[in-house]
Amino acid sequence: MDTVITIAAEYTGLRSRQGPVTMGQANMARCVLRDPPLHMNFRVTKRLPEGTPLSAVTEAVGRLLSRHEGLRATIHSDVQVVAGSGSLPVEVHGAGTGLLDEVAEEVGLRMQGTRFDLETELPIRVAVITKEEAPRLVIFVLPHTSVDAIGLATVMREWERLIRGVAVPAPCPMQPLDLATAEGTPASLRRTEAALRHWESGLRRAPQSMFAIDEAAEADADAIRPRLRVRSAVAAEALEAVASRTGASRSAITLAALGVLIGLRTTQRTCVIASLASNRVRPELRDYVGPLAQDALMTADLDVPTFDEAVRRFRGASLSGYQHSRFDSVALWEVIEAVNSERGVDFARDCVFNDMSGVTVSAPEPAPASEVECAWLPAASLPAHLALWANRLEDVVDLTLWIDPRVMSRPEAEGFGTGIVRLLIAAGDGDVQASDIPNISGILPIKRDPEWIYTDSCWVNLGAVERLVGEAVQGRPHLVTHAPDGRLTCHVTSGTPEEIRAACLALLPGRTSAMAPHHYVVHAPDPTGASLHGPVVTEGDGRHHPSLGPLRVRNQ
């Protein structure tokens, strides 16, 4: 199927300006340029009102661009340039004898799977699918540099009004350049520094991965994950009861159930979850079109006697996490890399929570036919081992779980999803003892052989550490030992502790079951070069970097 024509959606007579990027734009630009496009580009397909001519489509797209500077801004390193006049090419495809939805899927997937050129391309792509020359569908693709999920919802609400000729309210007065200026104030910089301290504190005690898997397991470069939808009206009633008893929000209670069962399955004493924070507390930002959402780091101890106590801990973790979810991503990565280097780990953002219940608008559906209802959805791209989207939490609990097949099979994932809901239902009848949660949820700890040890809040596979060190020393004689407290020691016959540790750290990304040894002992080799029992030449922890000093945030 070929493009029939390309038409232009024009915007003219607007102000041109340039200035610094926002923290959200800088963070997302880093990801858009690095991560697979399917992760970083939103795609939405909308049906056009019957009788809509192509001229109406281009006019509505032009008005959309005119309303939002972020949709007509290109990003050049730390500078964004907003065009005052110009045009956006709109592809027009004829469906021919094909099915409209199939053609739209083909076109949309191609557009979504192509990386945006942030310096030369406007951060929005539009295509129209026609049938018998009549426009029927319109496809939008936008990168994370121009919108987050809530910003996208705002753009789509406006589109529905614009294409129907219905009046739209004035656009959000806060445009990205205005926000960038606000982010450079002393008060904002102090908040950003506090966010970095929060992350540093959490990262120092959190597991590097909640789902440590051996690096030999086959990876999926595009992170295409099976998705499971779980619904329950009974769980919604239970959430109300737990909220009344604990004072926690429905979101925090659901987060606690997720965290408790992750910890139960993985035998973790500490749970770390990244929750997507909208960062739209201030009224002037509620309809802002631009990337505001960033990760809120939530770290909670799981050694609790009851579920209500777990709810209290996750409530505190979520409040602190959301409060510290606005940060300079460049400075944050410096913190992450420094903590990783000190601990000898590679922090993996492998568990994600996203409460969309306040913004999701869906058509009415029949109530679940049973207490807990499960259904598999088409697989989709998401870079995490496990993620939970809370679509609705009132009237009906409606959850979507994204599961990496390397950590759970489909039957296990169904058990995990229904386990979350069954725990919520049981908690609605009263506080649940921690010892009863396995029976209620059906979730049991995964079995680990003696090759697994627990050290520095992480589950580590000794075989994975051995392979890591073997690659780091490039086959030279070596031995990794571990003490009862989990301390790992690397014995080698040449090199220095600093060289070997640096090589281990460089090889760590993607190896969530490995860790750089804590100590390095270099022995003098015997004449055969194979002995690891010769005199000690030198030893040490191999660390190059001192503890983190004062945190620094770039001043825009």
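Residues numbered from 1 in each chain as written. Predicted model: local features only at pLDDT ≥ 70, side-chain atom pairs only at ≥ 80, totals over all residues. Heavy atoms only, no water.

## Considering the packing of aromatic side chains
- Summed over all chains, the structure comprises four aromatic pairs.
- Geometrically, the ring pair formed by Trp199 and Phe327 is edge-to-face, given 5.5 Å between the ring centres and 70° between the ring planes. Placement of Trp199 in helix α7 (residues 186-205) and of Phe327 in the loop between α10 (307-323) and α11 (329-343) is noted, with a sequence separation of 128 residues between them. Of the two residues examined, Trp199 and Phe327, each falls in the buried class.
- Residue placement shows Arg448 over the ring face of Trp459; its charged tip is 4.3 Å from the ring centre. (Phe/Tyr/Trp six-rings, centres within 6.5 Å; stacked < 30°, edge-to-face > 60°. Helix = DSSP H or I, 4+ residues; strand = E, 2+ residues; numbered from the N terminus. Buried < 20%, exposed > 50% of the residue type's maximum accessible area, 1.4 Å probe, protein only. Lys NZ or Arg CZ within 6 Å of the ring centre and 35° of its normal.)

## Comments concerning the pattern of salt bridges
- Applying the stated criterion to the full structure yields 34 salt bridges.
- For Asp101, the salt bridge goes to Arg47, with nearest N and O atoms at 2.9 Å. Taken together, the positions of Asp101 in helix α4 (residues 100-112) and Arg47 in strand β3 (residues 41-47) put the pair 54 residues apart, joining distant regions of the chain.
- Ionic contacts of the salt-bridge type, sharing partners, join the residues Arg15, Arg17, Glu69 and Asp178 into one network. (Salt bridge = Lys/Arg side-chain N within 4 Å of Asp/Glu carboxyl O.)

## Some details on helix α6 (residues 176-183)
- Taken as a whole, α6 has its buried residues at Pro176, Leu177, Leu179, Ala180 and Glu183. Down the axis of α6, the smallest arc covering the buried residues is 160°, so these residues share one side.
- Check the buried side of α6 and you find it contacts β2 (17-20), α1 (23-34), β5 (79-82) and α7. (Arc of directions from axis to C-beta. Contact = heavy atoms within 4.5 Å.)

## Some thoughts on the nonpolar core
- With 73 residues, the main nonpolar core has Phe307 and Ile420 as its most contacted residues.
- A per-element tally of this core places helix α9 (residues 250-266) first, with 10 residues.
- Among residues more than four places away in sequence, those in contact with Ile420 are Ala257, Leu258, Leu261, Leu388, Leu399 and Leu401.
- In this structure, Leu64, Met156, Leu162 and Val289 belong to the second largest nonpolar core, which totals 30 residues. (Core = buried A, V, L, I, M, F, W, Y, C linked by side-chain atoms within 4.5 Å.)

## Details of empty space enclosed by the protein
- Per the counting criterion, the structure on display carries four cavities of 30 Å³ or more.
- Considered as a void within the structure, the largest cavity measures approximately 50 Å³ in volume.
- Taken together, Gln25, Gly70, Ala73, Ile75, Leu118, Glu121, Pro123 and Thr145 make up the full set of residues lining the largest cavity.
- Residues that form the lining of the largest cavity fall into these classes: four nonpolar, three polar and one charged.
- Approximately 40 Å³ is the volume attributed to the second largest cavity.
- Lining the second largest cavity we find Leu203, Ala206, Pro207, Gln208, Val339, Asn340, Arg343, Val345 and Phe347.
- Counting residues per element, the lining of the second largest cavity draws most heavily on α11, at three residues. (1 Å grid on protein atoms, 1.4 Å probe; cavity = no way out; pocket = protein on both sides within 12 Å on 5 of 7 lines; lining within 4 Å. Points joined across faces, edges and corners; volume = space filled by probe spheres on them. Nonpolar A, V, L, I, M, F, W, Y, C, P; charged D, E, K, R; others polar.)

## A closer look at α1
- Helix length check: α1 (12 residues) gives 17 Å between terminal C-alpha atoms against 16 Å at 1.5 Å per residue, within 8%.
- Within α1, nine of the 12 residues are buried, which leaves the element mostly enclosed by the surrounding structure. (Expected span 1.5 Å × (residues − 1).)

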